[in-house]
Amino acid sequence: MDVSQEIERHVAAIAAAIAEPARARMLFALLDGRARTSTELALIGGVAPPTASTHLARLKAEGLVRLHAQGRHRYYALDGSSVADALEALSRLAGGSRRHFVPNTPTTLRAARTCYDHIAGALGVALHDRFLAQGCIAARTVKRERVYDLTAHGEAMLHGLGVDVAALRAQRRRFAFGCLDWSERRPHIGGALGAALLDLAMRRKWIARERDGRALRVTPVGQRELGAHFGVRL
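Report follows, based on the coordinates. Just so it is clear, the structure is predicted and the values come from calculations on it, not from any experiment.

**Examining helix α2 (residues 21–29)**
Part 1 of the argument: Where α2 is concerned, the buried positions are Ala 22, Arg 23, Ala 24, Met 26, Leu 27 and Ala 29.
Part 2 of the argument: Its side-chain oxygen at 2.7 Å from the backbone nitrogen of Ala 22, Glu 20 defines the N-terminal cap of α2.

**Some points on the packing of α2 against helix α3 (residues 38–45)**
Part 1 of the argument: Where α2 meets α3, the axes come as close as 8 Å, and the angle between the chain directions of the two elements is 120°. Put simply, α2 runs oblique to α3. Every pair of crossing elements has a handedness; the one defined by α2 and α3 is right-handed. Each of Ala 22, Arg 25, Met 26 and Ala 29 in α2 lies in contact with α3, whose residues at this interface are Leu 41, Ala 42, Ile 44 and Gly 45.
Part 2 of the argument: Residue composition of the contact of α2 with α3, by class: 6 nonpolar, 1 polar and 1 charged.

**Regarding the packing of aromatic side chains**
Part 1 of the argument: Scanning the model with the defined rule gives 2 aromatic pairs in all.
Part 2 of the argument: With 5.3 Å between their ring centres and 35° between their planes, Phe 131 and Phe 230 make a pair best called tilted. On the criterion of sequence distance, the pair formed by Phe 131 in helix α7 (residues 121–133) and Phe 230 in helix α11 (residues 220–230) is long-range, its members being 99 residues apart.
Part 3 of the argument: A centroid spacing of 5.9 Å and a plane angle of 75° characterise the contact between Trp 206 and Phe 230, whose relative ring orientation is edge-to-face.

Analysis parameters
Residues numbered from 1 in each chain as written. Predicted model: local features only at pLDDT ≥ 70, side-chain atom pairs only at ≥ 80, totals over all residues. Heavy atoms only, no water. Buried < 20%, exposed > 50% of the residue type's maximum accessible area, 1.4 Å probe, protein only. Helix = DSSP H or I, 4+ residues; strand = E, 2+ residues; numbered from the N terminus. Polar contact = N/O pair within 3.5 Å; in protein donor to acceptor, adjacent residues only side chain to side chain. Axes fitted to C-alpha atoms, helices over the stretch in contact; angles between N-to-C directions. Parallel < 35°, antiparallel > 145°, perpendicular 65-115°, else oblique. Left-handed = near helix turned anticlockwise from the far one by under 90°. Contact = heavy atoms within 4.5 Å. Nonpolar A, V, L, I, M, F, W, Y, C, P; charged D, E, K, R; others polar. Phe/Tyr/Trp six-rings, centres within 6.5 Å; stacked < 30°, edge-to-face > 60°.

Okay, structure coming up:
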């Protein structure tokens with residue numbers, strides 16, 4: 001089989017995987033960039049959980065979705081921007097609209113909370129996005145996991161805020177990685193860097209712990225300083 005025939009065979013296999021209605025509904029639901037569990041995708045696809053697992057295995061085999069395992073949770077997301085581009089093109093041809101993710105997380109926990117020793121929720125995701133947009137961190141993929149390192153700009157910025165970056169790098173743990181947020185279904189920053197950001201925000205009284213549970217509250221000082229230093233405005 002020559003190269004063109006192999007490509008044609010692969011295109012046909014991908015098209016067949018997308019063509020099944022339940023699988024198509026699952027894929028288009030993932031177009032918003034958020035990951036979902038197989039149970040959630042079963043509801044979206046209108047199929048039983050075992051059937052959804054079979055469908056997701058087919059989509060994964062064709063390189064359309066990737067599996068993200070985090071503790072006991074298993075999440076599925078589109079396997080890259082090329083898949084999203086193809087689905088967007090199909091959506092334009094069909095004239096359809098995508099489904100939107102609606103979290104059922106309590107408002108206080110969704111806004112800001114701790115995830116082990118780093119910041120999660122809308123605040124954590126916003127910090128992650130701003131660090132990328134401002135060129136403070138650079139992303140790369142290692143064994144299908146998104147990991148980060150500080151750029152020179154990011155290191156200088158944190159040093160100016162009193163963070164000992166050398167000490168962070170010396171810790172016997174991962175420096176920084178994308179930790180999938182269970183309410184936002186997008187990554188926040190985990191690892192030593194994520195812990196340092198939580199410590200920084202607590203020391204500077206940008207955030208305060210609520211009396212019960214993991215919820216965090218952004219203080220008036222935090223509203224001002226998070227905007228000034230990182231461009232995060234909640």
